[in-house]
Every structure is written in structure tokens, then in C-alpha cells.
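# A closer look at the structure
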Amino acid sequence: MDNSILLPTDFSKNSWLAIQYAIKLFEDKKCTFYILHAYSKETHGLDSLTLLDPDEAFNKLSELRSRQGLGDIMIQLSRIKNNENHEFHVVSESTLLLSAVKNLNKEIQFNMIVMGARGVGNKKGKSYGKNTLEILKHIRKCPVLVVPTKVDFNHPKEIVLTTNFNTKIKSSEIKYLVEIAKLSNASIQVLSLSPAHKLSFEQKRNKVFIRTQIKEVAYNFNSLKNVKMAIALSCFVEIRNSNMISYIDKKPSFLERLGFGKLSLNKLGYYADLPVLALHSK
């Protein structure tokens, strides 16, 4: 069965790196990639052209830039070694990125979204970009792989799955973590802050569920105590030279969707050189 993978782009360097990473990661897998660029008119401020004729001025100019940018990406892709497993489509949408992703996902039902950690409009710093966080907040029908600017293009050899076992993961999504591990011949290291003897009944049940889902690849359960998860995870991946992080993305609360409180991704800290795979909870 083919994978349908969405690759949002804002024509930034990071989004191009995310496209390249996805192609490399799934080089041995039959995939159809959809490269999406969305553009929308800012509602604040006045512009003489848009006042005269918004459709002719903004929409047509933005559409032209969008199609030219997507055309440039296809030219760049044509210079990469041809892979018969891969097929590419480009999509240009005159709407907000989140709306474009939602609509396209309903139509195609993507297996995964792969996008850059930061976009062209984001300030420099140790934080994920606005569009990335918006996708994670609102798109919960497929896993999202966030690719940073300093990513290593080698196949991951160790993937760290961080969890406290309080939340049950979707079996439809964890299979993609296992698929990545199989494609890369990687092991999965499950990292928690809860020692096995202190797990509740529900936690034990969720742990058994994860074990049954990842049993087809090499795996190990690890626990650290008396430390916050962000610190534990940072130390763990640095010591072991892990190549990818995965976590169970709990559905944001109403207040979190409004911007109050940290999302699960932000609680893990920012990683400039490690891709992070968000797997959604039930």
C-alpha cells in the first residue's frame, strides 16, 4: 500500500530541508508526496493595490508567486536522483495553511505530514514556528513529523519514544513509527519517568499495548526518576546519540488551543538537530 505524505512549504530553507528529509527517509517505500503552498491576504493594514482591486492585485500576484515557487521546487526535485518509488504533486491554495491542510486531508487522508520546525516568518530562537504548532494543535488524523534546520540526513538508528504511559496511543499512528524503524533498521527506546513497580493499572495496560505494537522491531524500556521530562529526554538523546524523538501528543485542551499553556511538543524542549514525530492519543 502506498503512503500519501503531505509536505507543506512556505519556500523557506527549513521547509525544503523537510521535503528532502522525507524523500530520504522513505526512499525505499512507495510514496505519493503532495507539496502544498497556501497563501492568504493579511487582514490588517492598507495597501494601495488591494484597495484598487484586491482580486487582480493580491490574489493574482500571490497565485503567480505560489505557482512559481512550487515550479522551482519541482525543478530542484528533478535534479535529485530519480526514485521510481516516488510520485510528486503540487497544490497551491488561496487560504490559510491550516484550512488548506484540513481540506486536503479530508480529500486524500494522508498517512503523515512532514514539515519544517520553523518557517520563513519566524524569529530566530529555540522555539517551534507558529504554523507548525497550529498544525499540531488542530490536525489529529495522522502523525506529524517536525524536521529542524540542522537535521542529519542519515537514516535514524535509534528512535526515542517518550511517554508517561498515562495516555493510550492510536494503533493507527504508532504503526508509522514502527514502519520508520523498519525502513531504517532502527531500534525504539521507550523513555518514561515512571519505574515499572510504581505504574498504575492503566499505565501498565498502556505499556503492554505499546510493547505489542513495537514488538516487530528491536526495542527497550528505560526509566529515569527525579527529573523533568525535558531534561531527561535531552540528556538521554545526547548520551546515546539518538536520531529521532517521538511522543504521544495528547489532545490540547480548549485553553491550550487558544494559546494558554504549553503544548506537548513545547514541554519536551526544542531540538535543532533532531526530527520529532508526534503520534496522537486516543
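Along the backbone of the protein chain there are 10 helices and 10 strands. Excluding contacts between residues fewer than 6 apart, the proportion of contacts in the protein chain whose partners are at least 24 apart in sequence is 85%. Carbon and sulfur atoms make up 51% of the accessible area of the protein chain, which amounts to about 15,200 Å² in all.

Take the pairing of strand 9 (residues 244-249) next. Burial analysis of strand 9 places six of its six residues in the buried class, which makes it a mostly covered element. Covered by surrounding structure in strand 9 are Met244, Ser246 and Ile248 together with Ile245, Tyr247 and Asp249, the residues of both alternating faces. Examined bridge by bridge, strand 6 (residues 158-162) and strand 9 share four bridges and lie parallel to one another. Residue pairing in the sheet places Val160 in a bridge with Ile245 of strand 9. Note that strand 9 and strand 10 (residues 276-280) share five bridges and pair parallel. Bridging from a neighbouring strand, Ser246 pairs with Leu277 of strand 10.

Let's shift gears to the sheet that holds strand 7 (residues 187-192). One open sheet accounts for 10 strands, arranged 3-2-1-4-5-10-9-6-7-8; its pairing is mixed. In this open sheet, the two edge strands, each paired with only one partner strand, are strand 3 (86-93) and strand 8 (219-223). Within the sheet, the average angular offset between the axes of one strand and its neighbour, ignoring direction, is 20°. When strand 1 (residues 3-8) meets strand 2 (residues 31-38), the two strands line up parallel, connected through six bridges.

Counting residues in hydrophobic clusters, the biggest one holds 43 residues, and the most contacted among them are Val114, Leu145 and Ile210. Per element, the largest residue contribution to this core is seven residues, and it comes from helix 1 (residues 13-25). Setting aside chain neighbours within four positions, we find Val114 in contact with Ile5, Leu6, Leu7, Pro8, Ala18, Ala22, Leu145 and Val147. Formed by 38 residues, the second largest nonpolar core is a distinct cluster that contains Val91, Leu98, Leu191 and Tyr271.

With that settled, the discussion passes to the confidence of the model for the protein chain. When pLDDT is averaged across the protein chain, the result is 88; 88% of the residues are at 70 or more. In the model, residues 42-52 has pLDDT below 50 throughout and makes six contacts with residues more than four positions away in sequence or in other chains.

If you trace the backbone, His86 turns up in strand 3. Excluding its chain neighbours within four sequence positions, the residues that come into contact with His86 are Ile23, Phe26, Glu27, Lys29, Cys31 and Phe33.

Moving on: the pattern of salt bridges. This structure, assessed with the given rule, holds eight salt bridges. Between Arg205 and Glu202 there is a salt bridge, with its nearest N and O atoms 2.7 Å apart. Of this pair, Arg205 and Glu202 are both found in helix 7 (residues 201-214), three residues apart, which corresponds to roughly one turn of the helix. Since its relative accessible area comes to 47%, Arg205 is described here as partly exposed. Residue Glu202 is classed as partly exposed on the basis of its relative accessible area of 35%.

Since there are 3.6 residues in each turn of an α-helix, residues three or four apart along the chain are aligned in direction. The first and last C-alpha atoms of helix 4 (residues 97-108) sit 16 Å apart over 12 residues, in line with the 16 Å expected at 1.5 Å per residue. Residue Gln109 follows helix 4 closely and has a positive phi angle near 60°.

Contact geometry for helix 4 and helix 5 (residues 130-138): axes closest at 10 Å, N-to-C directions at 40°. Classified by the interaxial angle, the pair formed by helix 4 and helix 5 is oblique. Along this stretch, helix 4 crosses helix 5, giving a crossing that reads as right-handed. Residue-level contacts link Leu97, Leu98, Val101 and Lys102 of helix 4 to Asn131, Glu134, Ile135 and His138 of helix 5.

The description of an aromatic ring pair rests on the distance of the ring centres and on the angle between the ring planes. The full count for this structure, using the stated rule, is six aromatic pairs. Ring geometry for Phe33 and Phe88: centres 5.3 Å apart, planes at 20°, overall stacked. Taken together, the positions of Phe33 in strand 2 and Phe88 in strand 3 put the pair 55 residues apart, joining distant regions of the chain. Phe33 sits in the buried class, given a relative accessible area of 0%.

Our next topic: the environment of Asn226. When you line up the elements, Asn226 lands in the loop between strand 8 and helix 8 (229-240). Along the backbone, Asn226 and Leu193 are 33 residues apart, and their C-alpha atoms lie at a distance of 7.8 Å.

Calculation rules
Residues numbered from 1 in each chain as written. Predicted model: local features only at pLDDT ≥ 70, side-chain atom pairs only at ≥ 80, totals over all residues. Heavy atoms only, no water. Helix = DSSP H or I, 4+ residues; strand = E, 2+ residues; numbered from the N terminus. Contact = heavy atoms within 4.5 Å. Areas by Shrake-Rupley, 256 points an atom, 1.4 Å probe, with all protein chains shown as cover. Buried < 20%, exposed > 50% of the residue type's maximum accessible area, 1.4 Å probe, protein only. Pairing = 2+ DSSP bridges. Axes fitted to C-alpha atoms, helices over the stretch in contact; angles between N-to-C directions. Core = buried A, V, L, I, M, F, W, Y, C linked by side-chain atoms within 4.5 Å. pLDDT = per-residue confidence, 0-100. Salt bridge = Lys/Arg side-chain N within 4 Å of Asp/Glu carboxyl O. Expected span 1.5 Å × (residues − 1). Parallel < 35°, antiparallel > 145°, perpendicular 65-115°, else oblique. Left-handed = near helix turned anticlockwise from the far one by under 90°. Phe/Tyr/Trp six-rings, centres within 6.5 Å; stacked < 30°, edge-to-face > 60°.

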